[in-house]
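A closer look at the structure
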Amino acid sequence: MDTAPSAQPPASTAPAVGNRRRVATASALASAVEWYDYFVFGIAAALVLGDLYFPAGSPTAGVMASFATFAVGFLARPLGGIVAGHLGDKRGRKPMLVLALTLMGVATTGIGLLPTYETIGVAAPILLVLLRVAQGVAVGAQWGGAMLLATEYAPEGKRGVYGSVVQLGVPIGVVTANTVFLAAGALTTDSAFAAWGWRVPFLVGLLVLGLAWYIHTRVEETPAFKEAERALAEQEKSEQSSPLRTILRDHLGTVFLAGGSFAVNTATFYILITGVLDYTTRELDMKKGPVLMVSLCVSLTQLVLIPAAAALSDRVGRIRIYAFGAAGIALWAVPLFLLIDTGSLLWLAVGTFVASCFLSIMYGPQAALFAELFTPEMRYTGASLGYQIAAVAGGGLAPFVMVLLLEATGTSMAVSGYIIALSVIALVSIKVLADRARAAEPEAAPEAKAEAESAG
């Protein structure tokens, strides 16, 4: 790796157990509510936004337009990662996380209140895109802050487990978003759901503002940042580079390798929760309620698999677990869509469950792995950029690419090929990261060397 991972804080300055638990809980909740707000847009894009905000043309054109708006949020995520990463490395993890949560709460509530095309014309899709951009900036800023609050408070040998509490925000967000949409659909008629029922999940986003206030008033800055802050002060006195400039000048290769290693995970994930929802309901004539229920149940299994994979990575190494998950995604890509194409809820559940297992195996250790690629004074910037590059290259475009491939080829095997191609990129990136880790070990300090070994 470009830089040796930093050691944990000395025992004398280690935070109290109660404080660690409070920070871990706050980080998990921050991640969960942020991802909930982000995911409700994806579900709405597959179900209603095309008709309400992009009514011209065919149903396929409307869905593609709404998925394009969905993708815009991903294009904005690197901006959030860059700005929050730079300021988070210079001013602290906590204030950037609070700001990200506040922006997400305001943007999501705004979407829930936004008039449709029928009411205000072309202003409706324009405002929808702008609010989606705000969501993207917010989630791009959030991940690094929540992840570093958790991992930099972690006790020795448990960085993977502590990092996984932030990763749990994704399945919690998916489960909650699906549950709220299922409830809104069950309590309204189809016409009422299209008129106003879909707005309810967005208005729940107001709750995120309360969590932002809690973190602002009750959570302390991380010990690792406090140590890095002193180093940064010395750098500024000698007019050395900012964290962002240092990353772009010296560690951009590591950032792109991190992004390449993770793009398949985020692409496959959004194909499963958004692309498959559209495909099964529009092309296979399956009912949206049962399909959402399958997605919800599959996401529940991730609540167990993600921390289990993270804990195993603390024992046998991050790279080994991470690479196993990436290889599994590649091998399952074809069987996944063969099962989905049966139109059976049972086989849909089997196919997505196995795929979700491999995604969880990768996602569990990912937070700790990315944190260990960079030293504390540039960690927020580097880890956030790597994650958000993957989000753009994989997740943001995946549902849109899926629709294009299905329309162009008429077969879901084209989508399987897309997943396999991203898996190959991931495995090559992982191999290079592992080789760099081994090459850096002889020069690493003893405590950093031990953590480099845990990373691969």
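What you are looking at is a predicted structure, and each value in this text was computed from that prediction instead of being measured.

What counts and what doesn't
- Residues numbered from 1 in each chain as written.
- Predicted model: local features only at pLDDT ≥ 70, side-chain atom pairs only at ≥ 80, totals over all residues.
- Heavy atoms only, no water.
- Helix = DSSP H or I, 4+ residues; strand = E, 2+ residues; numbered from the N terminus.
- Buried < 20%, exposed > 50% of the residue type's maximum accessible area, 1.4 Å probe, protein only.
- Contact = heavy atoms within 4.5 Å.
- Axes fitted to C-alpha atoms, helices over the stretch in contact; angles between N-to-C directions.
- Parallel < 35°, antiparallel > 145°, perpendicular 65-115°, else oblique.
- Left-handed = near helix turned anticlockwise from the far one by under 90°.
- Nonpolar A, V, L, I, M, F, W, Y, C, P; charged D, E, K, R; others polar.
- Salt bridge = Lys/Arg side-chain N within 4 Å of Asp/Glu carboxyl O.
- Patch = residues over 30% accessible without salt bridge, like charges linked within 9 Å, V, L, I, M, F, W, Y side chains within 5 Å.
- Areas by Shrake-Rupley, 256 points an atom, 1.4 Å probe, with all protein chains shown as cover.

A look at the side chain of Thr280
- Residue position: Thr280 is located in helix H13 (residues 252–283).
- According to the relative accessible area criterion, Thr280 is buried, its value standing at 0%.
- Setting aside its immediate chain neighbours within four residues, Thr280 contacts Asp285, Met286, Val291, Ile340 and Leu348.

Some words on the packing of helix H3 (residues 93–113) against helix H5 (residues 123–151)
- At a minimum axis distance of 8 Å, the contact between H3 and H5 shows a crossing angle of 150°. Put simply, H3 runs roughly antiparallel to H5. H3 and H5 meet at a crossing whose hand is left-handed.
- For the contact of H3 with H5, the class distribution of residues is 16 nonpolar, five polar and one charged.

Section: the environment of Thr116
- Counting through the fold element by element, Thr116 comes out in the loop between H3 and helix H4 (117–120).
- We classify Thr116 as buried; its relative accessible area is 12%.
- For the pair Thr116 and Phe54, spaced 62 residues apart in the sequence, the C-alpha separation amounts to 9.2 Å.
- Once you skip the residues sitting within four places of it in the chain, Thr116 turns out to touch Leu52, Tyr53, Gly121, Ala124 and Arg199.

Some points on the pattern of salt bridges
- Throughout the structure, instances matching the rule amount to six salt bridges.
- Between Glu283 and Arg282 there is a salt bridge, and its shortest N-O distance comes to 3.1 Å.
- A relative accessible area of 40% means that Glu283 is categorised as partly exposed.
- One connected set of salt bridges, linked through shared partners, spans Asp278, Arg282 and Glu283.

With respect to a nonpolar patch on the surface
- There is a patch of nonpolar side chains on the surface, built from Tyr117, Ile120, Val122, Ile126, Leu127 and Leu130 and spanning about 530 Å² of accessible area.
- Elements with a contribution of two residues or more to the nonpolar patch: H4 and H5.
- Here the nonpolar patch gets three residues from one element, more than from any other, and that element is H5.
- Note that Ile126 resides in helix H5.
- Ile126 gets classed as partly exposed once you look at its relative accessible area, which sits at 47%.

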